[in-house]
Amino acid sequence: MSTTPLTSAELDQLTADLHRLARNLWWSWDQDAQELFQSLSPRGWQNLYHNPVAVLREVSAYELRMRLQAPDFAARVRAVVASFDSYLQETATWGAQNAPALAKNPVAYFSAEFAFHETLPIAAGGLGALAGDHAKAASDLGIGFVGISLFYREGYFQQSVNQDNWQVESYTLLDPANLPLEPLVNAVGDRIVSRVNIAGHQVSFQAWRVNIGRCPVYLLDANLPENDPPLRDLTNRVYGGDTTTRIMQEILLGVGGVRLLRALGMKPSTFHMNEGHAAFLTFELMREKLAAGLDLEKAKTLTRSECIFTTHTPVEAGHDRFNAGLMGYAAGRFQTDLGLTAEQVMDMGRVKPGNVDEPFCMTVLALRYSRAANGVSELHGQVSREMWQELYGVKTPDEVPIGYVTNGVHLVGWMKGPARRLWRKKFTELGYPSSAFVTEANTPEFWKKVTDPSVLSDEELWAFKYQLRRELLEFTRRRLLLQGGTFHQGDFIKFDGFLNPDALTIGFARRFATYKRAPLIFDQFEQIVKLVKDKRRPVQFIFAGKAHPRDDHGKAFIQKIIHLSKFSELNGSLVFIENYDIHVCRQMVGGCDIWLNNPRRPLEASGTSGMKTTPHGCLNLSILDGWWREGYDQQNGFAIGPDSHPDDIAEQDRVDSSNLFHTLTEKVVPTFFDRGTDGIPRRWLQIVRHSMATLAPEYSTWRMVQEYTHKYYLPGTTTR
Ligand SMILES: *Cc1c(COP(=O)(O)O)cnc(C)c1O
């Protein structure tokens, strides 16, 4: 390696490359890139919550140039930049071969939330995580894809807990200059500003581009001086404010999103509505066609041929409904745009047109003007067909044209560092080029090979699991310290005795929506205490999750769990980590042995957190709802109860809690603690291997986006 100092031009180039790298979230699924930024300032990396843009601001330009003079550091930068560029420039992608039509006319994917990384907290939960993973997979696959969402300057709330163990929400202001965002400008460098009529006002908005590998996602932002103050705040918070804010945000998302794409000269072949929030885009597409001289019937038909819709929940409250007064106030402009009366507009969002008592439903609008619609698991497809049968006026649910594409996760993106390193090492040892890892890690062949005992021994697998569990405990203890002394005893911080690196570690983390029944397992309180106190076969629990700011029942669940963690015999073996987000999620799905999921069936449309566990050797223990009903094959994890459920809710809670306890004590605990003389649970590891081999490739967004492409995105695919 040459030791002659780098020239000024070379230093400029490497510095520019690092900044370019920091502003493409590709690094969020590339281990070497993350380690590069981390090594620039390990403490800064931790304090700034793994944010390369902020780290680069913290490390002065002068220090950076000096660091780059170290030949091995410069070589690492060059290697990462080379692999980034070869990723961006790859032409032989799956998309190039299978979906060339989308290159010119991409899919425009509208979602009210996208979760990409913990540094950009603009999502509330699973819907956002799914959208973010969809974009990452679209990039990996190389299909034409552009995302549309809003830039929430205050993001989603930060959670803390007060002395009464009651959730408290706070908001921090995001600074675009410190985030992996780029202002969207025109050819001469001016901000692109467009306008939408909302509640009688012309609302101006700008946009920020988030680079997701090869794909752009545009975040619309109403925070401009030319807007009056209340409108300036429209995009402040994820699902912020009341229904009025909600409908106004949704007009901006749907109508503004289409206008922005047009301002960029884009002609998407498909508008994919991820949930009903974006359904007003159909009105804008119709308006465009009317303006071009078509009549309304033709405009509707053409619009329908351009749109597809994914519904995400059977929970009633998850479907936006707006009354006529609000529609007239906030969305009155659609009457002018479409040449319709208020009632005619209302009818487009009603199951029964003409029924003046029926509010306007975004899901109905989306279903009515989509060429295809789908649920997010097989069971959810079925439930959605029953739910919307009336809208289609058909005799049986089977005739309802709603299909399904089961959700997935962006596997490599969700892997914790040690998992990414292990699987890539195994892969390259088998003779494959490491650049193929990101794609091959989504194939059944990959998982079959790397989980073969001749490639990965039980000893190695068990050591991997031990490392991940220890790291989770360390993470949890640090967070508990920051949360404020749950485990101070007198003047001492009682580290040992608080969580146990040898215990069967059960994780539960997701939004605290009540149907997910977070505290269900503690219905068997006395029995759980016995389990936890068993010195030979100890069990422990880690919980996390946010309740919606207006959901007092969800907050009461949080309160109950924290109370038990502090004041019951479970103290030391049950903890609640505050402020659940992507980072907490990654630690937990990595380090736990069991991922618990006990929703009230069939309300968990899919669920995705359980899918994130598989590359880490954590097993699912779940009700047969959502994805698990398809994923479970008797040998790749654990099912709670049968493939059916009682109609009565109280009865269901009772039966599920008893089944949960039964599976836990009869199957999970005995298998985990069935050890040979060497202490290795070989039977358990067999299940782990089988779980990886069967679940990881199937429940990946690589498979999911391919399925969307074949079923719905390509020209000429499924229409009604
Ligand atoms: C994956 C994920 C979810 C979704 O979890 P479910 O179990 O599907 O509800 C929610 N929140 C965050 C932060 C996630 O990463």
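Residues numbered from 1 in each chain as written. Predicted model: local features only at pLDDT ≥ 70, side-chain atom pairs only at ≥ 80, totals over all residues. Heavy atoms only, no water.

### So, the site of the ligand
For the record, the criterion: Whether a residue is near a molecule or strand depends on its heavy atoms: if one lies within 4 Å, it is near. For this classification, the nonpolar set comprises Ala, Val, Leu, Ile, Met, Phe, Trp, Tyr, Cys and Pro, the charged set comprises Asp, Glu, Lys and Arg, and every other residue, Gly included, is treated as polar.
Near the ligand lie 13 residues; those nearest to it are W414, K516, T608, S609 and K612. For the shell around the ligand, the class distribution of residues is four nonpolar, five polar and four charged.

### Side note on the layout of surface pockets
How we decide: For cavity detection a 1 Å grid was placed over the protein atoms alone, and a set of points counts as a cavity when a 1.4 Å probe fits there but cannot get out; an open set counts as a pocket when protein lies on both sides within 12 Å along at least five of seven lines, with lining residues being those that have an atom within 4 Å of a point. Grid points are joined across faces, edges and corners, and a volume is the space filled by probe spheres set on the points. Helix and strand definitions follow DSSP, with helices as H or I runs of at least four residues and strands as E runs of at least two, each counted in order from the N terminus. The domain boundaries here were taken from an automatic or database domain assignment.
In this structure, the second largest pocket occupies an estimated 630 Å³ of space. Looking at the second largest pocket, it is lined by 30 residues, and the ones nearest its centre are Y87, S434, S435, A436 and V438. Broken down by secondary-structure element, the contributors of at least two residues to the lining of the second largest pocket are α2 (31–40), α6 (71–89), α9 (126–141), α21 (417–429) and α22 (437–440). At six residues, α6 tops the list of elements feeding residues into the lining of the second largest pocket. Classifying every residue of the lining of the second largest pocket gives 13 nonpolar, seven polar and 10 charged. Two domains each put at least three residues into the lining of the second largest pocket: domain 1 (8–89) and domain 2 (94–407 + 706–713).

### Some words on the pairing of strand β21 (residues 619–623)
Short version of the rule: The rule is simple: take the accessible area with a 1.4 Å probe, protein chains only, and divide by the maximum for that residue type; under 20% is buried, over 50% is exposed, in between is partly exposed. Any two strands between which DSSP finds at least two bridges are classified as paired. Crossovers are marked right-handed if the path from the first strand over the helix to the second runs clockwise, as seen with the strands pointing away from the viewer.
Within β21, five of the five residues are buried, which leaves it mostly tucked inside the rest of the structure. As judged from the three bridges shared by β21 and strand β22 (residues 638–640), these two strands associate in the parallel manner. Its bridge partner lying in β22, L621 is registered against F638. Taken together, β21, helix α28 (residues 626–631) and β22 form a β-α-β motif whose crossover is right-handed.

### Here's the deal with the side chain of Q167
Under the convention used in this document: Two N or O atoms count as a polar contact when they lie within 3.5 Å, although within protein this holds only if one can serve as hydrogen donor and the other as acceptor, and sequence-adjacent residues are included solely when both atoms are side-chain atoms. Throughout, a residue-residue contact means that at least one pair of heavy atoms, one from each residue, lies within 4.5 Å.
Relative to the helices and strands, Q167 is located in strand β4 (residues 167–170). Residue classification places Q167 among the buried residues on the basis of a relative accessible area of 2%. Here the side chain of Q167 touches Q159 through a polar contact of 2.9 Å, side chain to side chain. Polar side-chain contacts of Q167 include one of 2.9 Å to the side chain of E169. Not counting residues within four places of it along the chain, the set of residues in contact with Q167 comprises F157, Q159, S160, K546, A547, H548, P549, K555 and I558.

### A word on the pattern of salt bridges
What counts here: Salt bridges are defined as contacts in which a side-chain nitrogen from Lys or Arg sits within 4 Å of a carboxyl oxygen from Asp or Glu.
For the structure on display, the rule yields 46 salt bridges. E343 is the partner of R350 in a salt bridge, and the nearest nitrogen-oxygen pair spans 2.8 Å. Salt bridges sharing partners connect three or more residues here, namely D458, E459, D678, R682 and R689.

### Details of α21
The following threshold applies: A helix is expected to span 1.5 Å for every residue after the first.
Here α21 contains 13 residues, and its C-alpha end-to-end distance of 18 Å stays within 8% of the 18 Å for a straight helix at 1.5 Å per residue. Residues G417, P418, A419, R420, L422, W423, K426 and F427 constitute the buried set of α21. In this fold, the buried residues of α21 make contact with α2, α20 (411–414), α22, α23 (444–450), α24 (458–484) and α30 (682–695). One or two positions beyond α21, positive phi appears at G431, with a value near 100°.

### Quick word on the nonpolar core
Test applied: In this description, a nonpolar core means a group of buried Ala, Val, Leu, Ile, Met, Phe, Trp, Tyr and Cys residues linked to one another through side-chain atoms lying within 4.5 Å.
Counting residues in hydrophobic clusters, the biggest one holds 236 residues, and the most contacted among them are F280, W423 and F543. In terms of residues, this core owes the most to one element, helix α11 (residues 243–263), which gives nine residues. The residues contacting F543, other than those within four sequence positions of it, are F508, F512, A518, I521, F522, I561, L574, V575, F576, I577 and M588.

### A short note on the domain arrangement of the protein chain
Put simply, an interface is often sized by how much accessible area is lost when its parts join up. Split by domain assignment, the protein chain resolves into domain 1 (8–89), domain 2 (94–407 + 706–713) and domain 3 (459–699). Averaged C-alpha coordinates put domain 1 and domain 3 at centres separated by 36 Å.

### Overview of the packing of helix α25 (residues 525–533) against helix α29 (residues 649–672)
Defined as follows: Note on geometry: axes are lines fitted to C-alpha atoms, helical ones only across the stretch in contact, with angles between N-to-C directions running from 0 to 180 degrees. An angle below 35 degrees is read as roughly parallel, one above 145 as roughly antiparallel, one from 65 to 115 as roughly perpendicular, and any other as oblique. Left-handed describes a crossing whose near helix is turned anticlockwise from the far helix by less than a right angle; the clockwise case is right-handed.
Put simply, α25 and α29 touch, their axes get as near as 11 Å, and they point 20° apart. The angle between the axes of α25 and α29 places the two elements in the roughly parallel class. Remark: the crossing between α25 and α29 carries left-handed chirality. When α25 is examined against α29, the residues Q527, I528 and L531 are found in contact with a partner set consisting of F661, L664, T665 and V669. Of the residues belonging to the contact of α25 with α29, the class tally is five nonpolar, two polar and no charged.

### What to know about the state of the cysteines
Formally: Note on terminology: disulfide denotes any pair of cysteine sulfur atoms within 2.5 Å.
The full count for this structure, using the stated rule, is zero disulfides. C307 supplies the cysteine sulfur nearest to C215, a cysteine that is in no disulfide, at a spacing of 20 Å. What makes C215 buried here is its relative accessible area of 3%. Free of any disulfide, C618 has its nearest neighbouring cysteine sulfur in C592, separated by 5.6 Å. Residue classification places C618 among the buried residues on the basis of a relative accessible area of 0%.

### Section: the sheet that holds β21
Here we have six strands laid out as an open sheet, ordered β19-β18-β17-β20-β21-β22, and parallel in their pairing. The open sheet has two edge strands with one neighbour each: β19 (574–577) and β22. Going across the sheet, the axis of each strand differs from the next one's by a mean of 20°, ignoring polarity. Packed onto the sheet, α24 meets β17 (504–509), β18 (539–544) and β19 and runs at close to 70° relative to β19. Strands β18 and β19 of the sheet are contacted by helix α26 (residues 552–567), whose axis makes an angle of about 135° with β19.

### Focus: the packing of α2 against α6
Interaxial distance between α2 and α6 falls to 10 Å at its minimum, and their mutual angle equals 145°. You can see that α2 and α6 cross each other, and the crossing is left-handed. Across from D32, A33, E35, L36, S39 and L40 in α2, the residues of α6 making contact are F73, R76, V77 and V80.

### A few points about the packing of aromatic side chains
Basically, it comes down to this: When two rings of Phe, Tyr or Trp (its six-membered ring) have centres within 6.5 Å they constitute a pair, described as stacked for plane angles under 30 degrees, edge-to-face for angles over 60, and tilted for the intermediate range. Counting as a charge over the ring demands two things of the Lys NZ or Arg CZ atom: a distance within 6 Å of the ring centre and an angle within 35 degrees of the ring normal.
Evaluation of the coordinates by the stated rule reveals 36 aromatic pairs. For the pair F672 and W684, a centre-to-centre distance of 4.9 Å together with 85° between the ring planes defines the contact as edge-to-face. With F672 in helix α29 and W684 in helix α30, the pair connects residues that are 12 residues apart, well separated along the chain. Counting every residue linked through ring pairs, the aromatic cluster contains W423, F427, Y432, F437, F446, W447 and F464. Directly above the ring of Y466 sits R469, whose terminal nitrogen or CZ lies 4.6 Å from the centroid.

### Brief notes about the environment of G332
You can see G332 is positioned in the loop between α14 (324–331) and α15 (333–338). By relative accessible area, which is 19% here, G332 ends up buried. Remark: the alpha-carbon pair of G332 and L25, spanning 307 residues in sequence, is separated by 39 Å.

### Some thoughts on the pairing of strand β3 (residues 158–161)
Along any regular strand the residues' side chains alternate between the sheet's two faces. Residues Q159 and V161 of β3 are buried on one face, while the alternating residues Q158 and S160, pointing to the opposite face, are not. In terms of strand pairing, β3 meets β4 through four bridges, oriented antiparallel. Residue pairing across strands places S160 opposite V168, the latter belonging to β4. Linking β3 back to β4 in an antiparallel pair, the connection comprises five residues, with N165 at a positive phi of about 60°.

### A word on empty space enclosed by the protein
Summary: where empty space remains is shown by rolling a probe the size of a single water molecule over the atoms. By the definition in use, this model includes three cavities of 30 Å³ or more. The calculated volume of the largest cavity comes to roughly 50 Å³. What lines the largest cavity is A112, L150, Y152, Y239, R246, Q249, E250, L253 and H277. Of the residues forming the lining of the largest cavity, the biggest block, four residues, is contributed by α11. In this structure, the second largest cavity spans a volume of roughly 40 Å³. Along the walls of the second largest cavity sit D140, H410, L411, V412, V438, N442, T701 and W702, which together make up its complete lining.

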